[in-house]
Amino acid sequence: MPPAEWVTLRRSELSESVGSMSLAALQAAVRLLDLGLRQDSESPISERVAEGLASTLSADRVDLVIGGAGWKAEWSWPKTTRSAATDWPIHVFSDALDRGAATAMAPGGNRPALLVSALDSSLLPNRLLVASRSRGAFQRSELELLAALAPTAAAVV
């Protein structure tokens, strides 16, 4: 099933981006910054940020996926092995990178519901955040939240 809609990521000045964020997105962005900048933690930054994103988006899993010939997860939260039945929609991943945008996909077959967002290509080129959950489709508000948080996530991981 192709994605229903795309949300373009904001690539403007920080003050303009912050001014246009919803209160929920702004609170989540501050939380991600705090997780990324926390010095007193023994867990890696990527793990803290991924867990924070999963909690914020009510996702079962968050992966940072590297695009290209091998499409693989650079890191994942939780660190459990992904089911072999998971079928990543590579064409959607490619479109997200090309558009610099985010989209949602309803669950289908053995694949869970997905939120897919390109990350800032100047900070993390050819990288996507992929959130998934098995208990139902993501809502438009969750898609917009991931699109709003993607620049913050790229800055701290």
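Here is a short report on the structure shown in this document. (Residues numbered from 1 in each chain as written. Predicted model: local features only at pLDDT ≥ 70, side-chain atom pairs only at ≥ 80, totals over all residues. Heavy atoms only, no water.)

Description of the overall build of the chain
Then comes step 1: Of the regular secondary structure elements, the chain holds five helices and six strands.
Then comes step 2: Listing the helices and strands of the chain from first to last along the sequence gives β-α-α-α-β-β-α-β-β-β-α.
Then comes step 3: Expressed as a percentage of its 157 residues, the buried residues of the chain come to 44%.
Then comes step 4: Long-range contacts, defined here as pairs at least 24 residues apart, represent 59% of the contacts in the chain between residues at least 6 apart.
Then comes step 5: Carbon together with sulfur atoms contributes 51% to the accessible area of the chain, which is approximately 8000 Å² in total. (Helix = DSSP H or I, 4+ residues; strand = E, 2+ residues; numbered from the N terminus. Buried < 20%, exposed > 50% of the residue type's maximum accessible area, 1.4 Å probe, protein only. Contact = heavy atoms within 4.5 Å. Areas by Shrake-Rupley, 256 points an atom, 1.4 Å probe, with all protein chains shown as cover.)

Concerning the packing of aromatic side chains
Then comes step 1: Under the counting rule described, the total for this entry stands at two aromatic pairs.
Then comes step 2: For the ring pair tryptophan 88 and phenylalanine 93, a centre distance of 5.6 Å and an interplane angle of 50° mean the geometry is tilted. Here tryptophan 88 and phenylalanine 93 have matching classes, each one buried.
Then comes step 3: The structure contains a cluster of three or more aromatic residues connected by ring pairs, namely Trp71, Trp88 and Phe93.
Then comes step 4: One Lys or Arg, arginine 133, reaches over the ring of phenylalanine 138 and ends 4.0 Å from the middle of that ring. (Phe/Tyr/Trp six-rings, centres within 6.5 Å; stacked < 30°, edge-to-face > 60°. Lys NZ or Arg CZ within 6 Å of the ring centre and 35° of its normal.)

A look at the side chain of serine 76
Then comes step 1: With respect to the helices, strands and loops of the structure, serine 76 is situated in strand β3 (residues 72-77).
Then comes step 2: In this structure the side chain of serine 76 is engaged in a polar contact, spanning 3.4 Å, whose partner is the side chain of arginine 61.
Then comes step 3: Of note is the side chain of serine 76, whose polar atom sits 2.4 Å from the side chain of aspartate 63. (Polar contact = N/O pair within 3.5 Å; in protein donor to acceptor, adjacent residues only side chain to side chain.)

Brief notes about the pairing of strand β6 (residues 127-133)
The two faces of a sheet get side chains in turn, since along a regular strand they alternate between them.
Then comes step 1: Burial analysis of β6 places seven of its seven residues in the buried class, the great majority of the element.
Then comes step 2: Of the two faces of β6, the one lined by Arg127, Leu129, Ala131 and Arg133 and the one lined by Leu128, Val130 and Ser132 are each fully buried.
Then comes step 3: Summarising the sheet, strand β2 (residues 61-66) and β6 pair through six bridges and their orientation is antiparallel. Each bridged residue has a counterpart across the sheet, and for aspartate 63 the counterpart in β6 is valine 130. (Pairing = 2+ DSSP bridges.)

Things to note about helix α4 (residues 90-99)
Then comes step 1: Buried within α4 we find Val92, Phe93 and Ala96. The buried side chains of α4 occupy one side of the element, clustering within an arc of 105° when seen end-on. Exposed side chains of α4 directed beyond 90 degrees from the buried face belong to His91 and Asp98.
Then comes step 2: Lining the buried residues of α4 we find β1 (6-8), β2, β4 (101-105), β5 (113-118) and β6.
Then comes step 3: A positive phi of about 60° marks glycine 100, the residue just after α4. (Arc of directions from axis to C-beta.)

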